Each structure stands twice: as structure tokens, then as C-alpha cells.
Amino acid sequence: EAALAASEAEFRATFESSAVGQVQLNVETGRFLRVNRRYCEITGYSAAELLGGMSIRDLTHPEDRASDEALFRELAGGGSGYEGEKRYRRRDGRVIWVRVTAAPLRDPDGQVRRMMTVVQDITERKEAEAHLRRYADLVKSSHDAIVSADLEGIITSWNPAAERIFGYSQREIIGKSLEIFFGENDRPVYERIRANALRGKATNGAETVMLRKDERPVDVSITISPIFERENRAVGISMFIRDITDRRCLEREILEVSDREKERIGQDLHDDLCQNLIGLSMVSDRIAKELERSGV
């Protein structure tokens, strides 16, 4: 009896001080039989509230209840346990994500009437995953090339727009140096803005020429930013590259049209001015002759 009491005390202490939520549930009703402090912190309910007649259904998000009930039936029918992710609705109404690991507890007669569940709050991880998915979707759908590289300029990521602009597939280019995109005349521009990024300074809209896989030049506008670790130490660079070839062509066309228009206007002025001067000369000669005849 003493050994049993000591074991029970040890279990209670471990159960209560656990860094993860722990709870015992009635398999048939889903009601709470035992909860620890961490589980109360996760859900926002006190132990008295949870043990006062509440069931796991009261906490489970409505969209996750059906799968929960199926798992309970599986455990009651002799299942060995399960792991999964689900949503809770906290006491304050906020929805959180939890990871649940459940195992049956057999009574001396071999029946499963209770289950032990370990619960971890994974809301931050889920939010981070959602943020990464949104970022990945943005990178994939961007019309601009989005490229990242390490401190040595070795490419570590490459989006579909970069493949379209430069002709390299992701498999071909990962692990290659950014230097392959710059000729001798344009490499100083790249080195300057890369050096700025490694010092923690972003460069916005620098215009230069980069080379495609087929070595054709592409007019581009580059924005380079440093990538920081949590300690605010630069670990790489990210590049947003916009193909401005069409814009440059349009600018050249505008300049050519402007030059032609200037030439036309100059020619028109020249022709008109010559005619006017010739006319004035003729009028002046006639007036001079008339003045001579009149003796003035």
C-alpha cells in the first residue's frame, strides 16, 4: 500500500508539472476525468470548469468534431491510439491548433473506458506554416524573378519567373554563382550592390544588364536586400529582378522619334526661313531701286 501510494503521488506530481497538456477522458462520453495545469493554460478553462461536466466536444472546433468522434469509437473498439492535429476553441473564443496523442487506458477487466491524451499547442507553428505557404505562393506567382543566394553569391532559390526570364531551370541553376549573369562591363554594378547588401544596406531599382542562358543580354532593374538571422547577422541576399527590356526598347523608340521630330522641325524652320529671307531680300532690292529712281 505504501509503494502504491508513493507511485500515485509520483504520478500526480509528474502529471501536474508536465510541460505539455495532459488529460484523461471518458471514452464513451468524452467528459474530462483529470486535467493538469498546462492543459488549463492551453484551453483557458480552470480545472473546476473542465471537471464540472464539460466534455472534449465543448472545446473541439465544430469542423473537427466528426473526426474526433470516429477516433473515440475506434479506441472504444480496441484501437491502439492515434496522433493528429485539430482545433480547439478557447474559453476566450480564440481558435488554436493543438497536436493530440491519445492512448487507451485499460481497466483490470480489459475494457477501455478511459483514454490518456497529451496535448501540445502548435498554433505558432501553424501560423508560421501558413505564412510560409503565402510567401511560397507569392514567389511562385510573381512576374518578377525572385532569387536568393548565400554570402558567397551561390544561388539557393529560384522561382518560375526567373526561369522564364533567364532560361535556366531550377535544377540547372541551384548551386551556381550569380556571377554567371554578369559580363565584364556590368559585374562592378553587381559587386557594389551585393557588398551593400552584405553590410545590411538594401539597393532599390538599380538598372543593369544581365545575361540569359543563351547569352542574350536582358535589361533589368534589381532590388537586393540582406537576409538576416535572428541575431541580426546577414546570412545571404535576396534579389527581386524585373525585366525592363520592353521599357528600354520603348524609351529608345521615343528618343528616336524625338530626334526625328527635331530634325523635321529644324528642316521645316530652315526651309521656311530661307524662303522668308529670299522674299525679304527681293522686297528690299525692289524698294532700293524705287528709292533710287525717285532720287531719294
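All values reported here derive from a predicted model rather than from experimental measurement.

Caption draft 1: Expanded view of the pairing of strand β10 (residues 234–243). Inspection of the sheet shows strand β6 (residues 145–150) paired to β10 by 6 bridges, in the antiparallel sense. Paired with Ala149 across the bridge in β10 is Ile237. Across 9 bridges, strand β9 (residues 217–228) lies against β10 in antiparallel orientation. Paired with Ile227 across the two strands is Gly236, which belongs to β10.

Caption draft 2: Local environment of the pairing of strand β8 (residues 203–211). In this sheet, β9 lies alongside β8 in antiparallel orientation, the contact comprising 7 bridges. By the bridge assignment for β9, Met210 is matched with Val218. Two successive antiparallel strands, β8 and β9, enclose a turn made up of 5 residues, where Glu215 displays a positive phi of approximately 70°.

Caption draft 3: Region of the structure containing the layout of surface pockets. In this structure, the largest pocket encloses a volume near 220 Å³. Sorting the residues of the lining of the largest pocket by element identifies α6 (123–141), β6 and β7 (155–158) as the ones contributing at least two each. It is α6 that provides the largest number of residues to the lining of the largest pocket, a total of 4 residues. Looking at the lining of the largest pocket residue by residue, the classes come out as 8 nonpolar, 5 polar and 1 charged.

Caption draft 4: Geometry of α6. Here α6 spans 27 Å end to end across 19 residues, near enough to the 27 Å set by a 1.5 Å rise per residue. Buried residues in α6 make contact with β3 (82–89), β4 (95–106), β5 (112–121), β6 and α7 (160–166).

Caption draft 5: The arrangement of empty space enclosed by the protein in detail. Under the counting rule described, the total for this entry stands at 1 cavity of 30 Å³ or more. Roughly 50 Å³ of internal volume is contained in the largest cavity. Taken together, Leu25, Ile56, Asp68, Phe72, Tyr82, Lys86, Tyr88, Val100, Met115 and Thr117 make up the full set of residues lining the largest cavity. Of all the secondary-structure elements, those providing two or more residues to the lining of the largest cavity are α5 (65–76), β3 and β5.

Cut-offs used in this document
- Residues numbered from 1 in each chain as written.
- Predicted model: local features only at pLDDT ≥ 70, side-chain atom pairs only at ≥ 80, totals over all residues.
- Heavy atoms only, no water.
- Pairing = 2+ DSSP bridges.
- Helix = DSSP H or I, 4+ residues; strand = E, 2+ residues; numbered from the N terminus.
- 1 Å grid on protein atoms, 1.4 Å probe; cavity = no way out; pocket = protein on both sides within 12 Å on 5 of 7 lines; lining within 4 Å.
- Points joined across faces, edges and corners; volume = space filled by probe spheres on them.
- Nonpolar A, V, L, I, M, F, W, Y, C, P; charged D, E, K, R; others polar.
- Expected span 1.5 Å × (residues − 1).
- Contact = heavy atoms within 4.5 Å.

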